[in-house]
Amino acid sequence: MTKSSFDYYDKNGQVELWLAYKTLQKPEETILNILSDELNDMKMLDVGIGAGRTTPYFGTKVREYFGIEISRNLIEASKNRYWEDGKNLLFLHCDARTMPLPTNYFDLVLFSFNGIDHVNINGRLQMLKEINRV
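We now turn to the structure provided with this report. All residue numbers refer to positions counted from 1 along the written sequence of the respective chain. Selection of residues for local features in this predicted model requires a pLDDT of at least 70, selection of side-chain atom pairs for listing and counting requires 80 or more, and totals for whole chains, interfaces and linings are taken over all residues. Water and hydrogen atoms play no part in the side-chain values, which are based on all heavy atoms of the structure.

What follows is about the pairing of strand β4 (residues 108-111). Covered by surrounding structure in β4 are L108 and L110 only, the residues V109 and F111 on the alternate face being uncovered. In this structure, strand β1 (residues 43-47) lies alongside β4, joined through 4 bridges in parallel fashion. Opposite L45, over in β4, you have V109 as the bridge partner. A simple rule labels every residue: compare its accessible area, found with a 1.4 Å probe on the protein chains alone, to the largest value its type can have, and call it buried under 20%, exposed over 50%, or partly exposed in between. A helix here means a DSSP run of H or I that spans at least four residues, while a strand means a run of E at least two residues long, and both kinds are numbered starting from the N terminus. Following DSSP output, two strands are said to pair if at least two bridges run between them.

Printed below as a string of structure tokens:
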């Protein structure tokens, strides 16, 4: 992801645009349904959460929910949107290529809405290595 790509998500109007997305996509619904009986015991990492579109669906069901986002404005919107929802919801501004998170900590990692498409092949490989590590 180039610097200009990062900046795009912090421009005026982007937070409002991302706040308008409220529903799961079909693959996310499928994951939620398949894992519904197991989610209660899982620690989940949600990568590229935007303004927290998937948070109310997964964050209320997992033992611990950790959402990360490259855009400072979007992660702040997520924090503000869900700060009252409980201690199991954590949010961090970071790049998925270099996550400051513990190794082998999460049971489930979700990276939805084509976030990986915004980086070149080397960036994608870095992201996948980091996802595998955590």
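Having seen it, we continue.
Note that side chains of opposite charge can pair when their charged atoms are close. Basic side-chain nitrogens of Lys or Arg form a salt bridge, by our definition, when they fall within 4 Å of a carboxyl oxygen of Asp or Glu. Following the criterion strictly, the structure yields 6 salt bridges and no others. E76 is the salt-bridge partner of K79, the closest N and O atoms lying 3.3 Å from each other. Placement of both K79 and E76 in helix α5 (residues 72-82) is noted, with a separation of 3 residues, approximately one turn of the helix. Residue D95 pairs with R97 through a salt bridge whose shortest N-O separation is 2.7 Å. Residue D95 shares its accessibility class with R97, and that shared class is buried.

This brings us to the sheet that holds β4. One open sheet accounts for 4 strands, arranged β3-β2-β1-β4; its pairing is parallel. Each end of this open sheet is capped by a strand with a single partner; those strands are β3 (89-93) and β4. Strand-to-strand, the axes of this sheet are offset by a mean angle of 20°, without reference to chain direction. Angular values range over 0 to 180 degrees, each being the angle between N-to-C directions of two axes fitted as lines to C-alpha atoms, with helices fitted over their stretch in contact.

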